[in-house]
Amino acid sequence: MKRLLFTAAAAAMLVSVCVLGSCAVGEAHVEYTLSEDGTHYIVSGVTGDIRGLTKLEVPETYGEEGSLLPVTEIGDEAFFRCTRLVEAKIPQTIERIGVRAFARCSFSEFVIPDGVKVIDDGAFGMCDNLKEITVPESVETLAVRAFYACSSLQKAVIKAQITVLDRYTLYNTVPSQGGNVYMHSSLTQVYLPATLEKIEISALYGNPVTDIYFAGSESAWNTLYFYELVEKEGKEDEYEEKVYEKSKVLGSAKVHLNAEF
């Protein structure tokens, strides 16, 4: 069951022909889908001309008058490649941000509200204008590639009480159009929770990190380690952790212990 909420105000329907190679921008509609159990709504995507979606504000509730239900999910690829989306707000009711939900969007800031429990694979990947992000304590799952290749990201604050910073979370080595790999990143400050026990080596790769703020103690930092999963010799599909020295991964980055944030 699908219903339409609104028409993007910035996208008036123009029926004129393309002039000088520039086509008219049409209307964009945000879709809401009722969950299978009928208890909540999911923001499921955009219909019409996605170029017309420049601003987004998801409501806390949606539905027929007199039978409103909470909106609790941003669905998989709901706003994927909405490259003109420069402003987006989601409510406290949202519990999950789906796979590539906001990948390739153009906002420079995004507030993840307390209440979000899952940030799924690539949820904010390749958001080239995103400058700062805070992952709230409510987040229980911060999946792989969550902020992959966000080339303008300068500061990442992870308050989520997670134990593992997984693969490519803040990875920032991307291929050029010619296929040659190059570094393109601005991330210098990373804030990590005291609960963190290990970091996959690709999680921070490609960033010029100068300062790491760790909320835990010196002993907690000493036990935290960087690792990579490698296949066991002679055993197909069986893996073990290869551990790396922090100094070889972090280089000259300064570590601040017992940090408050």
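Preceding block: the structure.
This one's a predicted model, so the numbers in the text were calculated from it and none came from an experiment.

What counts as what
Residues numbered from 1 in each chain as written. Predicted model: local features only at pLDDT ≥ 70, side-chain atom pairs only at ≥ 80, totals over all residues. Heavy atoms only, no water. Helix = DSSP H or I, 4+ residues; strand = E, 2+ residues; numbered from the N terminus. Buried < 20%, exposed > 50% of the residue type's maximum accessible area, 1.4 Å probe, protein only. Areas by Shrake-Rupley, 256 points an atom, 1.4 Å probe, with all protein chains shown as cover. Phe/Tyr/Trp six-rings, centres within 6.5 Å; stacked < 30°, edge-to-face > 60°. Pairing = 2+ DSSP bridges. Contact = heavy atoms within 4.5 Å.

A.B. asks: Teacher, can you tell me more about the overall build of the chain here?
C.D. replies: Helix and strand counts for the chain come out as 2 helices and 21 strands. The 261 residues of the chain split such that 43% are buried. In the form shown here, the chain has an accessible surface area of approximately 13,600 Å², with 47% of it arising from carbon and sulfur atoms.

A.B. asks: So what exactly am I meant to see when it comes to the packing of aromatic side chains here?
C.D. replies: The description of an aromatic ring pair uses the distance of the two centres, along with the angle that the planes make with each other. Throughout the structure, instances matching the rule amount to 16 aromatic pairs. For the pair Phe 107 and Phe 110, a centre-to-centre distance of 5.1 Å together with 45 degrees between the ring planes defines the contact as tilted. By the burial criterion, Phe 107 is buried, and Phe 110 matches it. Centre to centre, the rings of Tyr 148 and Tyr 171 are 5.6 Å apart; their planes meet at 0 degrees, and the pair counts as stacked. A residue pair is termed long-range when its members are at least 10 positions apart, and Tyr 148 in the loop between strand E11 (141-142) and strand E12 (155-158) and Tyr 171 in the loop between strand E13 (164-165) and strand E14 (173-175) qualify at 23 residues.

A.B. asks: Sorry, what's going on with the sheet that holds strand E20 (residues 239-244) here?
C.D. replies: Across a sheet, paired strands are connected by hydrogen bonds in the backbone, their directions being either parallel or antiparallel. Taken in spatial order, the 4 strands line up as E13-E17-E19-E20 in an open sheet, and their pairing is mixed. One side of each edge strand has no neighbouring strand; the edge strands of this open sheet are E13 and E20. Across 6 bridges, the pairing between strand E19 (residues 225-231) and E20 is antiparallel. Its bridge partner lying in E20, Glu 231 is registered against Tyr 239.

A.B. asks: Please clarify how the side chain of Glu 200 should be interpreted in this entry.
C.D. replies: Mapped onto the elements, Glu 200 comes out in strand E17 (residues 198-200). Dropping the residues within four chain positions of it, Glu 200 is found in contact with Leu 165, Asp 166, Arg 167, Tyr 227 and Glu 228.

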